[in-house]
Amino acid sequence: MERDKHMKILIVEDELRTADYLSKGLTEQGCTVDMAHNGIDGQHLALTHEYDVIVLDVMLPGQDGFAVLRALRAVKETPVIMLTARDRVEDRIKGLHEGADDYLIKPFSFLELLARLQALNRRGRKQEPVQMRIANLQIDLLARKAFRGTTRIDLTAKEFALLAVLARRQGEILSKTAIAELVWDMNFDSNTNVVEVAIKRLRDKIDAPFSPKVLHTIRGMGYVMELRDAPAGGESEAQGEGGAP
Ligand code: CA
């Protein structure tokens, strides 16, 4: 595989030991690293310099990571990976809604961070707007509204979070485990059907009454949101009727 290009990274983290450890590791990997230890400095650096990826802690003195992210997203799309605490599920959802590209739960391994950074760097700067569109499904991430054509679809907070996770990764098959982690902060337990139930509810609202279908079940693998070419002769897709993949 082609070696990843040199990355310029900003780390915004107030825990000095963590920041130094990350900075040292990334520098050893050939990255150029800038550091900020509070939200004010972090925002200043993020807005005034060009980085390939920004590592942004949520809990910061000065202003928190969400405020930094909002200020950044108002003007540019530098990829951001947020660092969140294990017991702060809502932070993860909020971060994804507000334009974070990925998150890591503390404590995490350096190699995991490195892999995520490389993935974000390869993906490059996203042009993602706050509105997403898949066929006639429109999602407004800021207003947290969803429409099919002109029909407004009422969703609960969790349903919207699930929709946002799927839509942000459209075309990517997400396992039940991944969805459970991203939306519920659950370690996947095969005895629970919470993901299937939620997918069914979401599908009943955003997909079942409408066409074309955009939420697909991939048996044995998970779920994917994407627009597929309609097979000649119309809808013949095995949708799974909300059942387990
Ligand atoms: Ca912190």
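Residues numbered from 1 in each chain as written. Predicted model: local features only at pLDDT ≥ 70, side-chain atom pairs only at ≥ 80, totals over all residues. Heavy atoms only, no water.

### With respect to the confidence of the model for the protein chain
Any residue range with low pLDDT should be treated as having predicted coordinates unsuitable for detailed reading. Definition in use: The predictor reports its confidence for every residue as pLDDT, a score running from 0 up to 100. Here, residues are in contact when the closest pair of their heavy atoms is within 4.5 Å.
Within the protein chain, residue pLDDT values average 85, and 86% of them lie at 70 or more. Counting contacts from residues 232–245, a segment whose pLDDT is below 50, to residues more than four positions away or on other chains yields 32 contacts.

### Describing the packing of helix 4 (residues 89–97) against helix 6 (residues 157–168)
Keep this limit in mind: Axes, fitted as lines to C-alpha atoms, cover a helix only where it is in contact. Angles between the N-to-C directions of the axes lie from 0 to 180 degrees. Under the DSSP-based scheme used, a helix requires at least four consecutive residues in state H or I and a strand at least two consecutive residues in state E, with every element numbered from the N terminus. The cut-offs work like this: below 35 degrees is roughly parallel, past 145 is roughly antiparallel, 65 to 115 is roughly perpendicular, and the gaps in between are oblique. When the near helix sits turned anticlockwise from the far one by under a right angle, the crossing is termed left-handed; a clockwise turn instead gives a right-handed crossing. The nonpolar class holds Ala, Val, Leu, Ile, Met, Phe, Trp, Tyr, Cys and Pro. Asp, Glu, Lys and Arg form the charged class, and all remaining residues, Gly among them, are polar.
Between helix 4 and helix 6, the least distance of the axes is 10 Å, while the angle of their chain directions is 50°. The orientation of helix 4 with respect to helix 6, classified from their angle, is oblique. With respect to the hand of their crossing, helix 4 and helix 6 are arranged in left-handed fashion. Contacts from Glu90, Ile93, Leu96 and His97 in helix 4 reach Lys158, Phe160, Ala161, Ala164, Val165 and Arg168 in helix 6. Class assignment for the residues of the contact of helix 4 with helix 6 results in six nonpolar, one polar and three charged.

### Description of the coordination of the calcium ion
Note the following rule: A 2.8 Å cut-off from the metal defines N, O and S donors, relaxed to 3.2 Å for Na, K and Ca; water is not in the atom list, so some sites may appear incomplete. A simple rule labels every residue: compare its accessible area, found with a 1.4 Å probe on the protein chains alone, to the largest value its type can have, and call it buried under 20%, exposed over 50%, or partly exposed in between.
Taken together, Asp14 (OD), Asp57 (OD) and Met59 (O) make up the full set of protein donors to the calcium ion, lying 2.0 to 2.3 Å away. In terms of primary sequence, the donors binding the calcium ion are separated according to D-x42-D-x1-M. With Asp14 in the loop between strand 1 (8–12) and helix 1 (16–28) and Met59 in the loop between strand 3 (53–57) and helix 3 (65–73), the pair connects residues that are 45 residues apart, well separated along the chain. Exposure remark for Asp14: the relative accessible area of 28% places this residue in the partly exposed category. When its relative accessible area of 55% is taken as the criterion, Met59 is described as exposed.

### Regarding the environment of Lys213
Worth spelling out the cut-off: Nitrogen and oxygen atoms within 3.5 Å of one another constitute a polar contact, given that in protein one can donate a hydrogen and the other can accept it, and given that sequence-neighbouring residues count only through two side-chain atoms.
Structurally, the position occupied by Lys213 is in the loop between helix 8 (194–206) and strand 10 (215–218). Here Lys213 falls in the buried class, since its relative accessible area comes to 19%. Sequence spacing of Lys213 and Asn136 is 77 residues, and the spatial spacing of their C-alpha atoms is 9.9 Å. One polar contact links the side chain of Lys213 to the main-chain carbonyl oxygen of Ala208, over a distance of 2.9 Å.

### Let's talk about the side chain of Asp101
Looking at the secondary structure, you find Asp101 in the loop between helix 4 and strand 5 (102–106). Classification of Asp101 by relative accessible area gives buried; the value is 7%. Within the structure, the side chain of Asp101 is placed 2.9 Å from the side chain of Arg73, a separation counted as a polar contact.

### Details of unusual backbone geometry
Outside of glycine, negative phi angles account for most residues, and trans bonds account for most peptide bonds. The linkage connecting Lys106 with the following residue, Pro107, adopts the cis geometry, with an omega of -5°. Here Pro107 is to be found in the loop between strand 5 and helix 5 (110–123). Note the cis peptide between Ser211 and Pro212, where omega equals 0°. Mapped onto the elements of the fold, Pro212 is located in the loop between helix 8 and strand 10. Phi at Ala135 is positive, roughly 50°, even though this residue is not glycine. On the secondary structure map, Ala135 appears in the loop between strand 6 (131–134) and strand 7 (137–140). Ala135 gets classed as partly exposed once you look at its relative accessible area, which sits at 26%.

### A word on the packing of helix 2 (residues 39–48) against helix 3
For any two helices packed against each other, the geometry comes down to the angle between their axes and how far apart the axes lie. Two numbers describe how helix 2 lies on helix 3: the axes approach to 9 Å, and their chain directions differ by 20°. Taken as axis vectors, helix 2 and helix 3 run roughly parallel relative to one another. You can see that helix 2 and helix 3 cross each other, and the crossing is right-handed. Here Gly39, Gly42, Gln43, Ala46 and Leu47 of helix 2 lie close against helix 3, whose contacting residues are Ala67, Val68, Ala71 and Leu72. Broken down by class, the residue content of the contact of helix 2 with helix 3 amounts to six nonpolar, three polar and no charged.

### Brief notes about the side chain of Thr217
Among the structural elements, Thr217 can be located in strand 10. Accessibility expressed as a relative area gives 8% for Thr217, which makes it buried.

### Topic: the pairing of strand 3
What counts here: Any two strands with at least two DSSP bridges between them are considered paired.
Within strand 3, five of the five residues are buried, which leaves it mostly tucked inside the rest of the structure. Note: strand 1 against strand 3, four bridges, orientation parallel. In the sheet register, Ile11 faces strand 3, and the bridge partner there is Val55. Across four bridges, strand 3 lies against strand 4 (residues 80–85) in parallel orientation.

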